[in-house]
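# A look at the structure
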Amino acid sequence: MATRTLSRITKALLAPALALGATVGLASAPAHAAVWNSCDQWGNTSLNGYTLYNNIWGQGAGSQCIWANSGTNWGAWANHPNTGGIKSYPNAKKVINKSITSLGSLNSSYNVTVPSAGSYNTSYDVWDTDYDYEIMLWVNYHGAVGALGSYQGNATLGGHNWNVYKGRVYRADGTYWDVFSFLRTSDSNSGTVQILPILKWIKDTKRWMGNETIGDVQFGFEITSSSGGLDFRTNNLTVSSS
């Protein structure tokens, strides 16, 4: 099982240095009639309240291009080699900037089309503003991928049943952040997730974190391998909070 060892946040912060050594192919991708597209390693744009990010951050990555008709309708074509380690996380991000206790709701609906080959997960990535806590919600996954950390049990939260894992990632300076991964017990390509009950369960039931301010909610595809070129499509995405 491939295990996640580094964060997209860390890689993004080190982008200028990594870009010098990263092997990111520039092979042609299938064309999409989109309002925006990019094959740049860190290509990004903002559309109707969402930030789209190509985010090729892992070592040994191949080619990847992202396209978008809007912040809620977008996709990526990726051709990453069949080797271990996460290569990328193309995603759409919605900024929240509210504490858990000040949130009345935090919901998201998704509809995706994913390939039957390759190794990847389709996941939400929820961060606090200090990047001390990362909450991942895997709604589907395929191939040689696995959650970071140790199994903590099963929980039904936010309208779904999850296997829960808890792990920790260390930065180069010795500091760390905790990762709480929720893996849906059956694959889903469309649905609605109530994210706030999951955050409250982590805070109040497990006491793994305090009243953190949630910085943003990301949704995308964490790709380990997609040899030959595979399409990942977000047909529709909404993230709303009150």
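In this text, all values refer to a predicted model and were calculated from it rather than measured experimentally.

Analysis parameters
Residues numbered from 1 in each chain as written. Predicted model: local features only at pLDDT ≥ 70, side-chain atom pairs only at ≥ 80, totals over all residues. Heavy atoms only, no water. Salt bridge = Lys/Arg side-chain N within 4 Å of Asp/Glu carboxyl O. Pairing = 2+ DSSP bridges. Helix = DSSP H or I, 4+ residues; strand = E, 2+ residues; numbered from the N terminus. Axes fitted to C-alpha atoms, helices over the stretch in contact; angles between N-to-C directions. Contact = heavy atoms within 4.5 Å. Phe/Tyr/Trp six-rings, centres within 6.5 Å; stacked < 30°, edge-to-face > 60°. Buried < 20%, exposed > 50% of the residue type's maximum accessible area, 1.4 Å probe, protein only.

## Brief notes about the pattern of salt bridges
- Applying the stated criterion across every chain yields a total of two salt bridges.
- Linking lysine 203 and aspartate 204 is a salt bridge whose minimum nitrogen-to-oxygen distance equals 2.7 Å.

## Thoughts on the sheet that holds strand β15 (residues 230-241)
- Read across the open sheet, the six strands follow the order β1-β4-β5-β15-β7-β13; overall the sheet is antiparallel. The open sheet is flanked by β1 (36-38) and β13 (190-194), the only strands paired with a single partner. Looking at each pair of strands side by side, their axes are set apart by 20° on average, direction ignored.
- By the bridge criterion, three bridges tie β1 to strand β4 (residues 63-70) in an arrangement that is antiparallel. Of the residues in β4, the one forming a bridge with tryptophan 36 is alanine 68.
- Running over the sheet, helix α3 (residues 195-205) touches β7 (106-113) and β13 and is turned about 45° from β13.

## Brief notes about the packing of aromatic side chains
- With the rule as written, the count across this model stands at 18 aromatic pairs.
- With a centroid separation of 6.0 Å and an interplanar angle of 50°, the aromatic rings of tryptophan 127 and tryptophan 177 are classed as tilted. Taken as a pair, tryptophan 127 in strand β8 (residues 119-128) and tryptophan 177 in strand β12 (residues 176-184) lie far apart in primary sequence, 50 residues in all.
- Note on tryptophan 127: relative accessible area 1%, which makes it buried.
- Judged by centre distance (5.5 Å) and plane angle (45°), the ring pair of phenylalanine 221 and phenylalanine 232 falls under tilted. Here phenylalanine 221 is found in strand β14 (residues 213-225), whereas its partner phenylalanine 232 is found in strand β15, with eleven residues between them in sequence.

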